[in-house]
Amino acid sequence: EVQLVESGGGLVQPGGSLRLSCAASGFTFSNYAMSWVRQAPGKGLEWVSGIGTGGGSTIYADSVKGRFTISRDSTKNTVYLQMNSLKPEDTAVYYCRTTRLGVPYWGQGTQVTVSS
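Every chain is numbered on its own, with residues counted from 1 as its sequence reads. Only residues with pLDDT of at least 70 get local features here, since the model is predicted, and only at 80 or more are side-chain atom pairs given and counted; chain-wide, interface and lining totals rely on the full set of residues. Only hydrogens and water are removed before side-chain values are computed, so all heavy atoms of the structure are retained for them.

Asker: Could you give an account of the overall build of the chain, with specific residues and numbers?
Answerer: Check the secondary structure of the chain and you find 0 helices and 11 strands. The way it works is that DSSP assigns letters per residue, a run of H or I at least four long becomes a helix, a run of E at least two long becomes a strand, and they are numbered from the N terminus. In sequence order, the secondary structure elements of the chain are arranged as β-β-β-β-β-β-β-β-β-β-β. With the radius of gyration taken over C-alpha atoms, the globule rule is written as 2.2 Å times the number of residues to the power 0.38. Radius of gyration (C-alpha) of the chain: 13 Å, near the 13 Å computed for a compact globule of 116 residues. Taking the contacts inside the chain whose residues are at least 6 apart along the sequence as the reference set, 52% of them involve residues at least 24 apart. Carbon and sulfur atoms make up 48% of the accessible area of the chain, which amounts to about 5,900 Å² in all. The convention is simple: Lys and Arg are positive, Asp and Glu are negative, and His and the chain ends are not counted. The location of each charge is read from NZ of Lys, CZ of Arg, CG of Asp or CD of Glu. Charge centroids of the chain, computed over 10 positive and 7 negative side chains, lie 3 Å from each other. The contact definition used throughout considers only heavy atoms, calling two residues in contact when any of these lie within 4.5 Å. Accessible areas in this description were obtained via Shrake-Rupley with a 1.4 Å probe; residue shielding takes into account the shown protein chains only.

Structure follows, in structure tokens:
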């Protein structure tokens, strides 16, 4: 059974940093691209960042480029999202996602709140 479990969210002041983690199980993690998606209060889903199987290929939404860094550790079956220079508009539930055999899988999400 594919499982994705996010952690690391919380309350942070504007300009602060957080690192999100997503622990994966139930599939061969190293063979699949991973991504982070967020949903702000009252808004739709927004794709944030993606990383290829080897970790050398990364891509970011314009809204987070230069502030967020995605990475993966295949020895720990975990994907990370380092978030720096956080803004109030980054407040959202953050989900990790992968697609296996055409089926998308999501974690339960972790809340990030950026507020003074």
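Next comes the rest of the account.
Asker: Go over the packing of aromatic side chains with me, naming the residues and quoting the values.
Answerer: The rule is short: rings of Phe, Tyr and Trp, with Trp giving its six-membered ring, pair when the centres are within 6.5 Å, and they are stacked under 30 degrees, edge-to-face over 60, tilted in between. Tallying each qualifying case throughout the model produces 3 aromatic pairs. Look at F27 and F29: their rings are 6.4 Å apart centre to centre, the planes differ by 55 degrees, and that puts the pair in the tilted class. Side by side, F27 and F29 carry an identical accessibility label, which is buried. Centre to centre, the rings of F27 and Y32 are 5.6 Å apart; their planes meet at 75 degrees, and the pair counts as edge-to-face. By relative accessible area, which is 9% here, F27 ends up buried. Whether a charge lies above a ring is judged from NZ of Lys or CZ of Arg, which has to be within 6 Å of the ring centre and within 35 degrees of the ring normal. Above the ring of F29, the side-chain terminus of R72 is found at 4.3 Å from the ring centroid. Burial here depends on accessible area, computed with a 1.4 Å probe over protein chains only, as a share of the maximum for the residue type. Under 20% is buried, over 50% is exposed, and the range in between is partly exposed.

Asker: Quick rundown of the pattern of salt bridges? Include the residues and the values.
Answerer: One side-chain nitrogen of Lys or Arg within 4 Å of one carboxyl oxygen of Asp or Glu is enough to make a salt bridge. Counting across every chain of the model gives 4 salt bridges. Two residues, R38 and E46, come together in a salt bridge whose shortest N-O distance is 2.7 Å. Assessed through its relative accessible area of 5%, R38 is described here as buried. Residue classification places E46 among the partly exposed residues on the basis of a relative accessible area of 29%. For the salt bridge of K65 with D62, the shortest nitrogen-to-oxygen distance reads 3.1 Å. K65 sits in the exposed class, given a relative accessible area of 51%.

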